[in-house]
Amino acid sequence: MSDARGLRLALFTDTFAPQVNGVARTLERLVTAVERRGGAVHVETVEAPGADPDLRVHRASSVPFWAYPQLRIAAPSAARAAARLARFAPTVVHATTPFGVGLAGRAAAQRLGVPFVSSYHTHFGAYLDHYRLGALQGIVWPFFRWFHNAGRMTFAPTEAVRADLAAHGIRGTRLWGRGVDGERFSPRWRSAPMRTRMGAADGDFVVAYVGRLAPEKNVERLLEAMHIVMARHPGRVRLAIAGDGPSEARCRALAPPGTWFAGVLSGRALSEFYASADAFVMPSETETFGNVVLEAMASGLPVVAPDVGATTEFAHEGTALPCAVRQPWAVAGRVEWLMRDAGLCEALRARGLAAAAGRTWDAVWERLLGDYRAAAAVACGAPLPSSVAGAPPVSRAA
């Protein structure tokens, strides 16, 4: 295990536990990883209903985001944030969003002269059309360049996203990948009671989806595909969905009869949900990584995944069934292929499990902590550590 002693990380984020999404879960893991390795963490985030008091976490007053009430937005004072940082004395400030809390983190780091890094988690530009905000496309990348190039590094979850950021003029890009917990997500969690909750009888084929129910996730195309499959195979197929979001009511209205909406799951219930299905479909092309796809693979599920986008770096021909997920007929065909070909399912399970096993969180944290050390070293004018030698140049902007 790498050593984080001496690291004092100030994390600025618009989403954090107890919120349930891929970014919040990753950041919660990051805090735990730094502290277990001897470092210290201070978190600045939004207030959230149900959040437990935590001296490490400062929560700014927030309101629900109008287009997505499950998310909250805040505009904290940079001066007050800087005062809190001065007391914490961070060695690195990391902002995970270019809005709200992230803007306060950027300004506070500049006020104090503390090394600043950022990360890119969401294809905001791709989301605009889904939320009828396409008129803002012209200002997205200039704004992102202004925000991210103020720091010494910008972290991307996949090489595809890193290359895209660099192509748009974001300097000092680094890869901050994702891992999967092989104990939490495993075929051993398959559960007969969970399959009963899914509505599955012996011999039924259960298709699962885990994630937000939101326009950019393309869930409606999955529902159309499952209507096709169920019409061709009446009584043999079930669809189970875990998650919530602004499109939940519409998804419920469009879903095939018998679809089980499990709501937001966590802990053992989520582990059993994955492992108790027979296939997983990811209909979204807008992922910057796709944590749920990796979790499904680790759970032993054959996966139908987009044939474009960031998920193709680990869910591709051989480990998954790539598919034009915007075409319901194409998705339906992939599901039916899995239903009739047990050998293919078994091969995809084995390859998916092997791919997931190679993505450990320890390796992820080792690389990220090395980059944090590099950011602090650059701030002092020291050469980059050998662990990041050969990576793209680091911006020395304040």
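These numbers come from a predicted model, not from an experiment.

Q: Explain the nonpolar core to me, and be specific about the residues and the numbers.
A: Membership of the largest hydrophobic core comes to 33 residues, with the highest contact counts inside it found for V210, F273, Y274, F280, V293 and V303. Within the residue set of this core, elements represented by two or more residues are strand 10 (205–210), strand 11 (237–242), strand 12 (260–263), helix 10 (267–275), helix 11 (291–298) and strand 14 (303–306). Considering every element that reaches this core, the biggest residue donor is helix 11, with six residues. Residues within four places of Y274 in sequence aside, it is in contact with F185, V210, F280, V292, E295, A296, S299 and L301. Formed by 32 residues, the second largest nonpolar core is a distinct cluster that contains F205, Y209, L213 and A255.

Q: If you had to explain helix 11 to someone new, which residues and values would you point to?
A: Summarising burial for helix 11: eight of the eight residues are buried, a large majority. All of the buried residues in helix 11 are N291, V292, V293, L294, E295, A296, M297 and A298. Buried positions along helix 11 lie against helix 1 (22–36), strand 10, helix 10, strand 13 (279–281), strand 14 and helix 13 (342–357). Directly after helix 11, the chain includes G300, whose backbone phi takes a positive value near 85 degrees.

Q: How would you explain the packing of aromatic side chains if you had to name every residue and give the values?
A: In this structure the tally under the stated criterion is 15 aromatic pairs. Measuring from ring centre to ring centre gives 5.4 Å for W141 and F144, while their planes differ by 90 degrees; the resulting arrangement is edge-to-face. Here F144 and W141 lie together in helix 5 (residues 137–148), a separation of three residues that amounts to about one turn. With respect to burial, W141 and F144 carry one shared label: buried. Between the aromatic rings of F155 and W176, the centroid separation amounts to 6.2 Å while the plane-to-plane angle is 80 degrees, which identifies the pairing as edge-to-face. Separated by 21 residues along the polypeptide, F155 in strand 8 (residues 153–156) and W176 in the loop between strand 9 (173–175) and helix 7 (192–197) bring together distant segments of the chain. Relative accessible area serves as the criterion here: at 1%, F155 is assigned to the buried category. Under the relative-accessibility criterion, W176 is labelled buried at 1%. Positioned above the aromatic ring of F88 is the side chain of R8, whose terminal nitrogen or guanidinium carbon lies 4.3 Å from the ring centre. In this structure, R106 packs its charged tip against the face of W146, placed 3.7 Å from the ring centre.

Q: Kindly report on the environment of A347, identifying the contributing residues and their values.
A: Positionally, A347 belongs in helix 13. Separated by 29 residues in the primary sequence, A347 and G318 place their C-alpha atoms 8.4 Å from one another.

Q: With reference to specific residues and values, describe the layout of surface pockets.
A: By volume, the second largest pocket is sized at about 580 Å³. Contributing to the lining of the second largest pocket are 28 residues, with R25, E28, R29, R184 and W361 lying nearest its centre. For the lining of the second largest pocket, the elements supplying multiple residues, two or more each, are helix 1, helix 11 and helix 14 (361–379). The dominant element in the lining of the second largest pocket, judged by the number of residues it contributes, is helix 1, at eight residues.

Rules used in this analysis
Residues numbered from 1 in each chain as written. Predicted model: local features only at pLDDT ≥ 70, side-chain atom pairs only at ≥ 80, totals over all residues. Heavy atoms only, no water. Core = buried A, V, L, I, M, F, W, Y, C linked by side-chain atoms within 4.5 Å. Buried < 20%, exposed > 50% of the residue type's maximum accessible area, 1.4 Å probe, protein only. Helix = DSSP H or I, 4+ residues; strand = E, 2+ residues; numbered from the N terminus. Contact = heavy atoms within 4.5 Å. Phe/Tyr/Trp six-rings, centres within 6.5 Å; stacked < 30°, edge-to-face > 60°. Lys NZ or Arg CZ within 6 Å of the ring centre and 35° of its normal. 1 Å grid on protein atoms, 1.4 Å probe; cavity = no way out; pocket = protein on both sides within 12 Å on 5 of 7 lines; lining within 4 Å. Points joined across faces, edges and corners; volume = space filled by probe spheres on them.

All we've got here are geometric facts, nothing functional implied.
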